[in-house]
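These are the residues of each chain, in order.
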Amino acid sequence: SGTVVENVANVLVVVVFAVDSDMRGEQGVVYSLDGEDKEPFTITPDGQIYLEKPLDYEVQNVYNFTVIATDVGMSPSKSSHASVVVQVEDANEAKPIFTSSLYEAVIVEGTYADAPEPNNMVGSVLAKDADSTSSITYSLINSGSLRIHIDANSGNFYVLGSVDRESTSVIRATVMASDGGSPAFTSYAEIKLIVNDANDNAPYFSDNNFVVSVGET
């Protein structure tokens, strides 16, 4: 078996070795490849298997084929078979892409929990990556005085603490998505929380006493 990274070519994958006791070791042994997956590979007279064409992990990530060792100079000739499995490793080719450049949510002013809870979750972001094995994580670059928290794995975001519409009408933060590759690729989007006013003030009179004079008719 062998391993190769996608998008590379002309690299040694694995070496096979067959011995024929009738021919004093490997002298007179000819190698060939067989099977549907043999096409990108070639084998040298001394059993070195090379990858000739770049592979794409997203198209196919495992190749199975057979090596045939045949003796020559003997009649009748005889052959033996060995299975070869080549695993293709995913390369980090694409950066994560957010489904939107702006994620908006409307909240009502008030006091929220200081830690993420179901009742103070206000929205969710989502980024996608064309690489099959990528694992996207989320983080905040500017969290608006720490009043927004985001879950690194789910992308759910929460409002924290006390929010007063009279002092802050909009809370903004920049969220980063990272694919965790090597090197890692990142992308960015904006979170915008619109703070609505709560009916937290009763109407009041400017004066508790009103005096009115009315003339007789």
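Look a little higher up for the structure.
Model, not experiment: these values are computed from the prediction.

## Details of the overall build of the chain
Moving on, step 1. Along its length, the chain carries zero helices and 18 strands.
Moving on, step 2. Computed over C-alpha atoms, the radius of gyration of the chain comes to 34 Å, more than 25% over the 17 Å expected from 2.2 N^0.38 for 217 residues, which places it beyond the range of a compact globule.
Moving on, step 3. Judged by the C-alpha coordinates and their principal axes, the chain covers about 140 × 25 × 25 Å.
Moving on, step 4. Of all 217 residues assigned to the chain, the portion counted as buried reaches 33%.
Moving on, step 5. Accessible surface for the chain amounts to roughly 13,300 Å². Of this, 49% is attributable to carbon and sulfur atoms.

## What about the packing of aromatic side chains?
Each aromatic ring pair is specified by the distance between its two centres and by the angle formed by the two planes.
Moving on, step 1. Tallying each qualifying case throughout the model produces four aromatic pairs.
Moving on, step 2. Judged by centre distance (6.2 Å) and plane angle (65 degrees), the ring pair of phenylalanine 98 and tyrosine 103 falls under edge-to-face.
Moving on, step 3. Judged by relative accessible area, which is 11%, phenylalanine 98 ranks as buried.
Moving on, step 4. Overall, the relative accessible area of 10% leaves tyrosine 103 in the buried class.
Moving on, step 5. Put simply, the rings of Phe41, Tyr63 and Phe65 touch in pairs and so form one group of aromatic residues.

About the thresholds
Residues numbered from 1 in each chain as written. Predicted model: local features only at pLDDT ≥ 70, side-chain atom pairs only at ≥ 80, totals over all residues. Heavy atoms only, no water. Helix = DSSP H or I, 4+ residues; strand = E, 2+ residues; numbered from the N terminus. Rg over C-alpha atoms; globule rule 2.2 N^0.38 Å. Buried < 20%, exposed > 50% of the residue type's maximum accessible area, 1.4 Å probe, protein only. Areas by Shrake-Rupley, 256 points an atom, 1.4 Å probe, with all protein chains shown as cover. Phe/Tyr/Trp six-rings, centres within 6.5 Å; stacked < 30°, edge-to-face > 60°.

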